[in-house]
Amino acid sequence: FRANDGIVGGPFEGAPVLLLHTTGAKSGNLRVNPMMYLKLEGKVYVFASKGGADTNPDWYHNLAANPKVTAEIDGETVEAVARVLTTEERNAIYAVQSERFPQFAEYENKTSRVIPVIELSW
């Protein structure tokens, strides 16, 4: 990821990927997770999809506890603040992501939970 300015292969090939640094909600330790993102109208969004699992990913709980995060994106490292979108905002953004990457629609169909969408601002 870092050696190729965020361009990766394998299952993420061709997809926009960033590294999200969060602080562990319980441990206080730094955690780093790769994930797809959506850049839309000057804003960046990430999705707590966890492949359609019935529970949110650990990184989501971490940023809910501490919304100050760091993102490695487009060859830069930026300090950001995470904000969970409202239902209306979430539905609009998730629809765009599902259209661009149909696996996100599959994730939504696999789970009974509402997959959170998070805006990263810097």
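Cut-offs applied
- Residues numbered from 1 in each chain as written.
- Predicted model: local features only at pLDDT ≥ 70, side-chain atom pairs only at ≥ 80, totals over all residues.
- Heavy atoms only, no water.
- Pairing = 2+ DSSP bridges.
- Helix = DSSP H or I, 4+ residues; strand = E, 2+ residues; numbered from the N terminus.
- Axes fitted to C-alpha atoms, helices over the stretch in contact; angles between N-to-C directions.
- Contact = heavy atoms within 4.5 Å.
- Phe/Tyr/Trp six-rings, centres within 6.5 Å; stacked < 30°, edge-to-face > 60°.
- Buried < 20%, exposed > 50% of the residue type's maximum accessible area, 1.4 Å probe, protein only.
- Lys NZ or Arg CZ within 6 Å of the ring centre and 35° of its normal.
- Lys, Arg positive; Asp, Glu negative; His and termini not counted.
- Salt bridge = Lys/Arg side-chain N within 4 Å of Asp/Glu carboxyl O.
- Polar contact = N/O pair within 3.5 Å; in protein donor to acceptor, adjacent residues only side chain to side chain.
- Core = buried A, V, L, I, M, F, W, Y, C linked by side-chain atoms within 4.5 Å.
- Arc of directions from axis to C-beta.

Participant: Hey, could you run me through the sheet that holds strand S5 (residues 76–84) in this one?
Facilitator: Neighbouring strands of a sheet are bound in pairs by backbone hydrogen bonds; such pairs are parallel or else antiparallel. Ordered by their spatial adjacency, six strands build a closed barrel running S1-S2-S3-S6-S5-S4, and the pairing between neighbours is antiparallel. Taking each pair of neighbouring strands and ignoring which way they run, the sheet shows an average axis angle of 45°. Judged from the seven bridges that link them, strand S1 (residues 17–23) and strand S2 (residues 30–40) form a sheet pairing that is antiparallel. Bridge pairing in S2 places threonine 22 opposite arginine 31. Where helix H2 (residues 87–100) meets the sheet, it contacts S2, strand S3 (43–47), S5 and strand S6 (117–121), and its direction lies at approximately 85° from that of S2.

Participant: Even after reading the chapter, I still don't get the packing of aromatic side chains, so can you show me in this structure?
Facilitator: Scanning all chains against the criterion turns up four aromatic pairs. Consider the rings of tyrosine 94 and phenylalanine 104, whose centres lie 6.2 Å apart with planes at 70°: the pair is edge-to-face. Of this pair, tyrosine 94 sits in helix H2 while phenylalanine 104 is found in helix H3 (residues 103–110), placing the two residues 10 residues apart along the sequence. Classification of tyrosine 94 by relative accessible area gives buried; the value is 1%. Cluster of aromatic residues (ring-pair linked, three or more members): Phe47, Tyr94, Phe104 and Tyr107. Over the ring of tyrosine 94 we find arginine 90; its NZ or CZ atom is 4.4 Å from the centre of that ring.

Participant: Just checking my understanding: could you explain the side chain of arginine 113 for this structure?
Facilitator: Tracing the backbone shows arginine 113 in the loop between H3 and S6. Within the buried core, arginine 113 has no salt-bridge partner, and the shortest N-O distance to an opposite charge, that of aspartate 54, equals 5.9 Å. Here alanine 48 takes part through its backbone oxygen, which lies 3.0 Å from a polar atom of the side chain of arginine 113. In contact with arginine 113, other than residues within four places in its own chain, are Ala48, Ser49, Lys50, Ala53, Asp54, Thr55, Asn56 and Pro57.

Participant: Mind showing me how you'd approach the nonpolar core here?
Facilitator: Among soluble globular proteins, nonpolar side chains are generally buried collectively. Grouped together as the largest cluster of nonpolar side chains are 18 residues, with contacts concentrated most on Leu18, Leu20, Val46, Trp59, Ile118 and Leu120. Broken down by secondary-structure element, the contributors of at least two residues to this core are S1, S2, S3, helix H1 (58–65), strand S4 (68–73), S5 and S6. Judged by nonpolar contacts, the second largest core, of 14 residues, contains Ala15, Leu40, Ile93 and Val117.

Participant: What is the right way to read H1 from this model?
Facilitator: Owing to its 3.6 residues per turn, the α-helix brings residues three or four apart onto one side. For H1, the set of buried residues is Trp59, Tyr60, Asn62 and Leu63. Across the axial projection of H1, the buried residues extend over an arc of 160°, all falling on one side. What points out from H1, more than 90 degrees from its buried face, is the exposed set Asp58, Ala64 and Ala65. Looking at the buried side of H1, the elements it contacts are S1, S2, S3, S4, S5 and S6.

Participant: What is the right way to read the pattern of salt bridges from this model?
Facilitator: Any two side chains of opposite charge can pair, so long as their charged atoms come close to each other. One pass over the full model with this rule turns up four salt bridges. When the shortest N-O distance is used, the salt bridge between glutamate 89 and arginine 83 registers 3.1 Å. As a salt-bridge pair, glutamate 108 and arginine 90 come within 2.8 Å of each other at their nearest N and O atoms. With glutamate 108 in helix H3 and arginine 90 in helix H2, this pair connects stretches of sequence that are 18 residues apart. By relative accessible area, which is 5% here, arginine 90 ends up buried.

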